[in-house]
Amino acid sequence: MTKFTNFYDQALVLADLSKLIYEIALLHNSLGNKWSEQEEYYFEDIRIMIEDNEDHLAKSQFKHNFIGKKTGMLTSDSFKRLEKIDINGRKIRDKRFYMTCTNFDYLQNEVAYAIWIDEIHENIIVVFRGTDSNIDAGTGCYNNLMTDLHVSKVGEDIPEPLRSNIGCRRIKIHEGFHSFLNRKTDCKTDWYETTIRDQILKEVKVEIRRYPNYKILTTGHSLGAALSTLTAYYFAITDKISSPICNIHFESPRLGDIKFLKLCQYLEKEGRLQVARFVCNYDLIAVAPLIDYCHVGFEIRMDRKKTKSIKCRHRTPDMAISKLLSLVWDNSIQANFDFRYDHGDYIERVINHQKEIKKMGTLDAMYGKLDW
């Protein structure tokens with residue numbers, strides 16, 4: 001059982017990690033061959049790496065994320081908040097919260113995900129980096145954009161034991177996201193048939209053997225949110241991984257068809273999967289693609305205004321038609337069209353709605369209240 005006492009604390013840690021993996025990717029690409037590749041990275045390791053390369057970083061775009069223009073000090077709010085986590089005197093800066101298994105050896109040597117071991121809350125967290133055109137002006141940027149824009153669907157067989165419960169044999173998933181996880185790795189030490197999905201599962205199983213009682217969480221923002229949801233689904237249908245798999249993500253595009261939604265609903269009902277999607281009003285990326293695509297899990301919809309209440313809903317199979325129509329409208333282009341860009345404000349919105357999110361209790365409690 002996760003030791004987070006409320007949903008807000010859990011969501012903020014995962015939101016900060018989703019931001020931090022982007023910043024670490026930017027650090028990695030800014031340093032190039034100066035990046036120190038090691039088995040595990042604690043917060044102090046990242047801090048030392050920044051301070052040792054301050055002159056180099058000050059000349060790059062990285063300074064806007066981590067390095068103050070005048071002071072040279074760390075300025076990342078996410079880094080600072082995570083570093084200050086303290087539960088009963090246990091701080092993550094005391095090397096009880098660290099990053100491992102970043103995939104530097106493939107994906108064009110870009111950082112696409114990392115696994116964090118959180119000994120404070122007893123979690124194994126897989127964090128996916130979101131799309132950003134600034135991380136790599138070359139191949140990496142092109143691949144990120146192609147992943148997002150490849151919106152046709154690809155079919156995938158439902159595991160045999162689940163077919164009778166869903167009433168169909170195949171689901172359809174966004175081809176770009178599906179291909180990202182199921183393409184072969186570029187690591188020369190891997191067997192040639194190894195996919196990124198296999199690689200992540202292999203790495204997570206290593207951590208499960210080390211921490212058998214830890215809960216598995218996946219998270220990410222934007223592209224990373226979609227990949228984290230799909231990975232959580234794959235974990236949930238994998239034997240020898242304890243349930244439920246928890247996925248909390250931020251501003252995800254739609255991922256699959258109605259059959260994928262029904263399959264996820266069944267896994268949620270059986271206690272094998274938990275999904276919560278934080279989304280900002282007026283975020284057009286989070287409502288795409290439109291035709292025959294669905295979101296899954298809880299939706300926590302946040303507004304710019306602190307005074308406007310958040311909406312928390314879950315699309316269960318027997319959801320009342322009035323609530324379903326409201327949910328469909330809130331996820332339409334018409335309801336979200338705005339010239340202001342609201343795709344990157346998720347951490348600020350989570351903090352602004354702290355009181356309301358805390359009142360939700362925990363994600364386990366939220367699922368316990370659902371009427372299946």
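Residues numbered from 1 in each chain as written. Predicted model: local features only at pLDDT ≥ 70, side-chain atom pairs only at ≥ 80, totals over all residues. Heavy atoms only, no water.

Student: With reference to specific residues and values, describe the overall build of the protein.
Tutor: On a plain count of helices and strands, the protein comes out with 15 helices and 13 strands. Taking all 372 residues of the protein together, the buried fraction comes to 56%. About 16,800 Å² of surface is accessible on the protein, with carbon and sulfur atoms providing 50% of the total. (Helix = DSSP H or I, 4+ residues; strand = E, 2+ residues; numbered from the N terminus. Buried < 20%, exposed > 50% of the residue type's maximum accessible area, 1.4 Å probe, protein only. Areas by Shrake-Rupley, 256 points an atom, 1.4 Å probe, with all protein chains shown as cover.)

Student: Would you mind going over a negative patch on the surface in detail, with residue names and values included?
Tutor: The grouping of Glu-44, Glu-51, Asp-52, Glu-54 and Asp-55 at the surface amounts to a negative patch. Broken down by element, the residue count for the negative patch peaks at three residues, all from helix α2 (residues 43-52). Here Asp-55 lies in helix α3 (residues 54-58). (Patch = residues over 30% accessible without salt bridge, like charges linked within 9 Å, V, L, I, M, F, W, Y side chains within 5 Å. Salt bridge = Lys/Arg side-chain N within 4 Å of Asp/Glu carboxyl O. Lys, Arg positive; Asp, Glu negative; His and termini not counted. Charge placed at Lys NZ, Arg CZ, Asp CG, Glu CD.)

Student: Tell me about the pattern of salt bridges, and name the residues and values.
Tutor: Think of it this way: side chains of opposite charge can pair up when their charged atoms draw near. According to the stated counting rule, one finds 12 salt bridges in the structure shown. Asp-303 is the salt-bridge partner of Lys-308, the closest N and O atoms lying 4.0 Å from each other. Relative accessible area serves as the criterion here: at 41%, Lys-308 is assigned to the partly exposed category. A relative accessible area of 4% means that Asp-303 is categorised as buried. A network of salt bridges, in which partner residues are shared, links Arg-277, Glu-299, Arg-301, Lys-311, Arg-313 and Asp-330.

Student: Could you give me a rundown of the pairing of strand β11 (residues 273-280), with the residues and numbers involved?
Tutor: Remark: a regular strand shows side chains that alternate across the two faces of the sheet. In terms of burial, β11 is a largely internal element, eight of the eight residues being buried. Along β11, one buried face is formed by Leu-273, Val-275, Arg-277 and Val-279 and the opposite face, lined by Gln-274, Ala-276, Phe-278 and Cys-280, is buried too. Both strand β10 (residues 245-250) and β11 contribute to a ladder of six bridges, which runs parallel. Within the sheet, the bridge partner assigned to Ile-248 lies in β11 and is Ala-276. Once the chain exits β10 it traverses helix α10 (residues 258-269) before rejoining the sheet at β11, and the crossover so formed is right-handed. Relative to strand β12 (residues 298-302), β11 is paired through five bridges, and the arrangement is parallel. (Pairing = 2+ DSSP bridges. Right-handed = clockwise from strand over helix to strand, strands pointing away.)

Student: An account of helix α9 (residues 223-236) is requested, with residue identities and associated values reported.
Tutor: Its 14 residues give α9 an end-to-end C-alpha distance of 20 Å, which sits within 8% of 20 Å, the value for a rise of 1.5 Å per residue. By the criterion of burial, α9 is predominantly enclosed, with 14 of the 14 residues buried. (Expected span 1.5 Å × (residues − 1).)

Student: I'd like a rundown of the environment of Pro-253, residues and numbers included.
Tutor: Position of Pro-253 among the secondary structure elements: in the loop between β10 and α10. Taking relative accessible area as the criterion, Pro-253 reaches 10% and is therefore assigned buried. Considered as a pair, Pro-253 and Cys-294 are 41 residues apart in the sequence and their alpha carbons are 9.1 Å apart.

Student: Before we move on, can you summarise the environment of Tyr-113 with the specific residues and values?
Tutor: Its location among the elements puts Tyr-113 in strand β5 (residues 113-118). Sequence-wise, Tyr-113 and Ile-200 are 87 residues apart; in three dimensions their C-alpha atoms are separated by 8.9 Å.

Student: Which residues make up the packing of helix α1 (residues 7-31) against helix α4 (residues 77-84), and what values do they have?
Tutor: In the contact formed by α1 and α4, the axes pass within 9 Å of each other and the chain directions differ by 135°. In terms of orientation, α1 and α4 fall into the oblique class. Considering the relative orientation of α1 and α4, their crossing is left-handed. Here α1 contributes Leu-12, Val-13, Asp-16, Leu-17, Lys-19 and Leu-20 to the contact with α4, which in turn contributes Ser-78, Phe-79, Arg-81 and Leu-82. A class-by-class count of the residues in the contact of α1 with α4 yields six nonpolar, one polar and three charged. (Axes fitted to C-alpha atoms, helices over the stretch in contact; angles between N-to-C directions. Parallel < 35°, antiparallel > 145°, perpendicular 65-115°, else oblique. Left-handed = near helix turned anticlockwise from the far one by under 90°. Contact = heavy atoms within 4.5 Å. Nonpolar A, V, L, I, M, F, W, Y, C, P; charged D, E, K, R; others polar.)

Student: Describe in detail α1, supporting the description with residues and values.
Tutor: The end-to-end C-alpha separation of α1 is 36 Å, in line with the 36 Å expected for 25 residues at 1.5 Å each. For α1, the buried fraction is high: 22 of the 25 residues fall into the buried class. For α1, the capping residue at the N-terminal end is Asn-6, with a side-chain oxygen 3.0 Å from the backbone nitrogen of Tyr-8. (Polar contact = N/O pair within 3.5 Å; in protein donor to acceptor, adjacent residues only side chain to side chain.)

Student: Please give an account of unusual backbone geometry that cites residues and values.
Tutor: Each neighbour pair has its own omega, and for Ser-243 with Pro-244 the value is 0°, a cis peptide bond. In this fold, Pro-244 is placed in the loop between α9 and β10. For the bond running from Ala-288 to Pro-289, omega is -15°, close enough to zero to count as cis. The backbone of Asp-292 shows a phi angle near 60°, a positive value even though the residue is not glycine. Mapping Asp-292 onto the fold places it in the loop between β11 and β12.

Function-wise, these values are silent; they only describe arrangement.
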